Amino acid sequence: MSFLAELMSTVFERRYRRSSARDDRPIEELCTDLLGNSGEVSGGVLARLILDRYASLDWEDKRAFFAFLTGSQGIDVATVRAALDSFEAAPDKASYRALMAACEPDRQELARRLNQVPGATERLVEMRADLLAMLPENPEFAMLDLDFRHLFASWFNRGFLVLRPINWETPAEILEKIIAYEAVHAIDSWDDLRRRVQPEDRRCFAFFHPAMPNEPLIFVEVALTRGVPGSVQALLAKGRDVLEAEKADTATFYSISNCQSGLAGISFGNSLIKQVVADLSRALPKLSTFVTLSPIPGLTRWLAANDRSLDGADAARARALAAHYQIQAKRPDGRPVDPVARFHLGNGAEVHNVHADADTSENGRRQSGGVMVNYLYDRARITQNHEKFAADGTIAASSEVRSLAAIALEDA
């Protein structure tokens, strides 16, 4: 750290201690003061004080704070209208700047100023997590959430993200978070984690952000296999034979977990999969197939809503119903009901195969009767599949899956 930086840090700390000790103004007043402040050091002091004050609030006071941001820190319609009239009358640099300023709510600038202190990005992500938890009962906060999403989409765009391998040499602090954040197939012990990240036929990769260097944003677990697997229990089995990485022909993405609830709606998965595919292809040229082994979280619920069930169904019937669900179960907007399907199909994958008894865990039985699906990432067809899905919801699927889906229709 340079002498000047050390000096500024010392001044910042001293001012913060003095200010935090005596400034008991409401958080709303502190925010108004920060928006009117032009000094870097004093602004930093205020920003940290606001973030600390927010962290100390109880749930109802946080709700009141969000109500303040929603109600009084938005755009002024009259100012926007006047700025638009001026721009239409004389479209130049000055009128355009004025229009841009008028269209941006004060709460966006407030967030930027809060973000000027170390550690603020992570705390703002946590703040949005609180906001999202309140949205069902406070739909009026949706405008505030749009402002958060707008800022986070820029702050967390792909250019800022760092891909890091997760292995047994990764610091324990991060490994503990991998265990905690695993959202698809629970990691029940350190030995379980070791089986997923240490053998040479297993890989794990995570995206990090420089402002949150010890907090994974999203991670993917990969099994290197020969052929396309059809059982997650086989992939995770204790005492299985480890395959030499150079002998693998398939990379199977069997778990993708988002880690930060405050970043919901900010897409990382597409970039993560594409980057991992590219990196693995360079490191292991013999890999020719890239697939997932994915859960089908909405299958049993959708079947029940349509007077169908997997109860008593044999493997052939279960596969046929799952294939039918993958292709035919749609929302009113024409997109698949299943969120995992929307994610992978939107990334340009195709529905490659379905497997009965692929996840025999309690959760696997409950959500899909144990059926799982392979989504294939064919590098030659990803762009075409993505464009067709984005344009009109066309679902890319193998002939085998389409044949299975047709059987389900015949038996309906």
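Residues numbered from 1 in each chain as written. Predicted model: local features only at pLDDT ≥ 70, side-chain atom pairs only at ≥ 80, totals over all residues. Heavy atoms only, no water.

Draft legend 1. Inspection of the side chain of Gln108 at higher detail. Structurally, Gln108 is set in helix α7 (residues 106-114). Those residues in contact with Gln108 that sit more than four places away from it in its chain are Asp147, His150 and Leu151. (Helix = DSSP H or I, 4+ residues; strand = E, 2+ residues; numbered from the N terminus. Contact = heavy atoms within 4.5 Å.)

Draft legend 2. Summary view of the layout of surface pockets. There is about 750 Å³ of room inside the largest pocket. Along its surface, the largest pocket is lined by 33 residues, and Ile256, Asn258, Pro339, Val340 and Phe343 are the ones closest to its centre. Put simply, the parts of the chain that give the lining of the largest pocket at least two residues each are β4 (250-258), α13 (269-283), α16 (339-346) and α17 (362-368). With six residues, α16 is the single largest residue contributor to the lining of the largest pocket. Counted by class, the lining of the largest pocket contains 16 nonpolar, 16 polar and one charged residues. By volume, the second largest pocket is sized at about 350 Å³. Taken together, 19 residues line the second largest pocket, and the ones lying closest to its centre are His185, Ala186, Asp192, Arg196 and Leu236. Listing elements by their share of the lining of the second largest pocket, those giving two or more residues are α11 (190-197) and α12 (232-235). Class assignment for the residues of the lining of the second largest pocket results in six nonpolar, five polar and eight charged. (1 Å grid on protein atoms, 1.4 Å probe; cavity = no way out; pocket = protein on both sides within 12 Å on 5 of 7 lines; lining within 4 Å. Points joined across faces, edges and corners; volume = space filled by probe spheres on them. Nonpolar A, V, L, I, M, F, W, Y, C, P; charged D, E, K, R; others polar.)

Draft legend 3. Fine view of the nonpolar core. One finds Phe65, Phe66, Phe152, Phe156 and Phe268 to be the most contacted residues of the largest nonpolar core, which totals 89 residues. Considering each element in turn, this core owes the most residues, seven residues, to helix α15 (residues 315-328). Excluding residues that lie within four positions of it along the chain, Phe65 makes contacts with Ile27, Glu28, Cys31, Tyr54, Leu57 and Met127. (Core = buried A, V, L, I, M, F, W, Y, C linked by side-chain atoms within 4.5 Å. Buried < 20%, exposed > 50% of the residue type's maximum accessible area, 1.4 Å probe, protein only.)

Draft legend 4. Structural detail: empty space enclosed by the protein. Considering all chains together, one arrives at two cavities of 30 Å³ or more under this definition. The calculated volume of the largest cavity comes to roughly 90 Å³. Residue lining of the largest cavity: Leu69, Arg107, Gln108, Leu110, Ala111, Leu114, Leu124, Met127, Leu144, Asp147, Phe148 and Leu151, and that is the complete set. Put simply, the parts of the chain that give the lining of the largest cavity at least two residues each are α7, α8 (120-134) and α9 (142-155). Ranked by residue count, the leading element in the lining of the largest cavity is α7, at five residues. Class assignment for the residues of the lining of the largest cavity results in nine nonpolar, one polar and two charged. There is about 30 Å³ of room inside the second largest cavity. Contributing to the lining of the second largest cavity are Asp192, Arg195, Arg196, Arg202, Leu235, Leu236 and Tyr254. Per element, the largest residue contribution to the lining of the second largest cavity is three residues, and it comes from α11.

Draft legend 5. Fine view of the packing of aromatic side chains. For the structure on display, the rule yields 12 aromatic pairs. Note on Trp168 and Trp190: the rings are 6.2 Å apart at their centroids and 75 degrees apart in plane angle, and the pair reads as edge-to-face. Here Trp168, found in the loop between β1 (162-165) and α10 (172-181), pairs with Trp190, found in helix α11; they are 22 residues apart in sequence, far enough to count as distant. Above the plane of the ring of Phe208 lies Arg164, whose end atom (NZ or CZ) is 3.8 Å from the centre. Here Arg335 stacks its cationic end above the ring of Phe389, 4.9 Å away from the centre of that ring. (Phe/Tyr/Trp six-rings, centres within 6.5 Å; stacked < 30°, edge-to-face > 60°. Lys NZ or Arg CZ within 6 Å of the ring centre and 35° of its normal.)

Draft legend 6. Broad picture of unusual backbone geometry. Positive phi is not limited to glycine here, since Asp307 has a value of about 55 degrees. Here Asp307 lies in the loop between α14 (299-305) and α15. Even without a glycine there, the phi angle at Asp357 is positive, about 55 degrees. Tracing the sequence through the fold places Asp357 in the loop between β6 (350-355) and α17. The exposure class of Asp357 is partly exposed, given its relative accessible area of 46%.

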